[in-house]
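# Observations on the three-dimensional arrangement
Read off the chains here:
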Amino acid sequence: MNITELIVDYVRQGHSVELTGIGTLNNRLQPARMDDSSQTFFAERHDISFSTATNGNDDIVRYLAETECVDMKIAQLMWKNYIDALNDKLQRTGSHQFPGLGELRSAGGSYSFACEADANTVGTDGSIADVRHYD
């Protein structure tokens, strides 16, 4: 079991993941829209972002327990160990890769997230040009 891969899967499913004491990887749904000026239709998409704000959300721990078929106490311990190892890695190397999403970086006690090229949007942009409205 690779918790980093589990996090990536969970975010790609449309959820946000709070990395305890670090920040939150957010997945926000952007609804479909029509740009009348360019006659372009944009399909619904999910945008990935990072915020240093946290609120104690531990949904990822419940997901970890369900996915790995373990008790919540075990999942909480696994999560704590992962966060401890992540903090240690960030202090030693300054970064951690979330494959397919981006790279979490640490410098001087602050955190940032750099999305991979086009990874801030899960899937394609879904644009279709020359769409016409019919009455």
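Note: the structure precedes this text.
Residues numbered from 1 in each chain as written. Predicted model: local features only at pLDDT ≥ 70, side-chain atom pairs only at ≥ 80, totals over all residues. Heavy atoms only, no water.

Right, let's get into the sheet that holds strand β7 (residues 102-107). An order of β6-β7-β8 is seen for the three strands of this open sheet, with the pairing classed as antiparallel. For this open sheet the edge positions go to β6 (95-98) and β8 (110-115), each flanked by a neighbour on one side alone. Strand-to-strand, the axes of this sheet are offset by a mean angle of 20 degrees, without reference to chain direction. Summarising the sheet, β6 and β7 pair through four bridges and their orientation is antiparallel. Of the residues in β7, the one forming a bridge with Gln97 is Glu103. Its contacts with the sheet put helix α3 (residues 72-93) on β6, β7 and β8, and the angle it makes with β6 is roughly 125 degrees. (Pairing = 2+ DSSP bridges. Helix = DSSP H or I, 4+ residues; strand = E, 2+ residues; numbered from the N terminus. Axes fitted to C-alpha atoms, helices over the stretch in contact; angles between N-to-C directions. Contact = heavy atoms within 4.5 Å.)

Another point: the nonpolar core. Judged by nonpolar contacts, the single largest core of 28 residues is most densely connected at Ile7, Leu19, Ile60, Trp79, Phe98 and Leu104. Contributing elements (two or more residues each) for this core: α1 (3-12), β1 (17-19), β5 (45-51), α2 (59-68) and α3. It is α3 that contributes the most residues to this core, seven residues altogether. Those residues in contact with Leu19 that sit more than four places away from it in its chain are Ile7, Leu25, Thr54, Trp79, Ile83, Leu86, Phe98 and Leu104. (Core = buried A, V, L, I, M, F, W, Y, C linked by side-chain atoms within 4.5 Å. Buried < 20%, exposed > 50% of the residue type's maximum accessible area, 1.4 Å probe, protein only.)

Before going further, it helps to spend a moment on the pairing of β8. Relative to β8, β7 runs antiparallel, the two sharing six bridges. Bridging across to β8, Ala107 finds its partner in Ser110.

A few words on the environment of Ser38. Residue position: Ser38 is located in the loop between β3 (33-35) and β4 (40-42). Using a relative accessible area of 35% as the deciding quantity, one classes Ser38 as partly exposed. For Ser38, the side chain forms a polar contact with the side chain of Asp35, separated by 3.1 Å. (Polar contact = N/O pair within 3.5 Å; in protein donor to acceptor, adjacent residues only side chain to side chain.)

Summed over all chains, the structure comprises four aromatic pairs. Between Tyr10 and Tyr63, the ring centres sit 4.5 Å apart and the planes meet at 35 degrees, which makes this aromatic pair tilted. One end of the pair, Tyr10, is in helix α1; the other, Tyr63, is in helix α2, and 53 residues separate them in sequence. Of the two residues, Tyr10 and Tyr63, neither departs from the other in class, the shared state being buried. (Phe/Tyr/Trp six-rings, centres within 6.5 Å; stacked < 30°, edge-to-face > 60°.)

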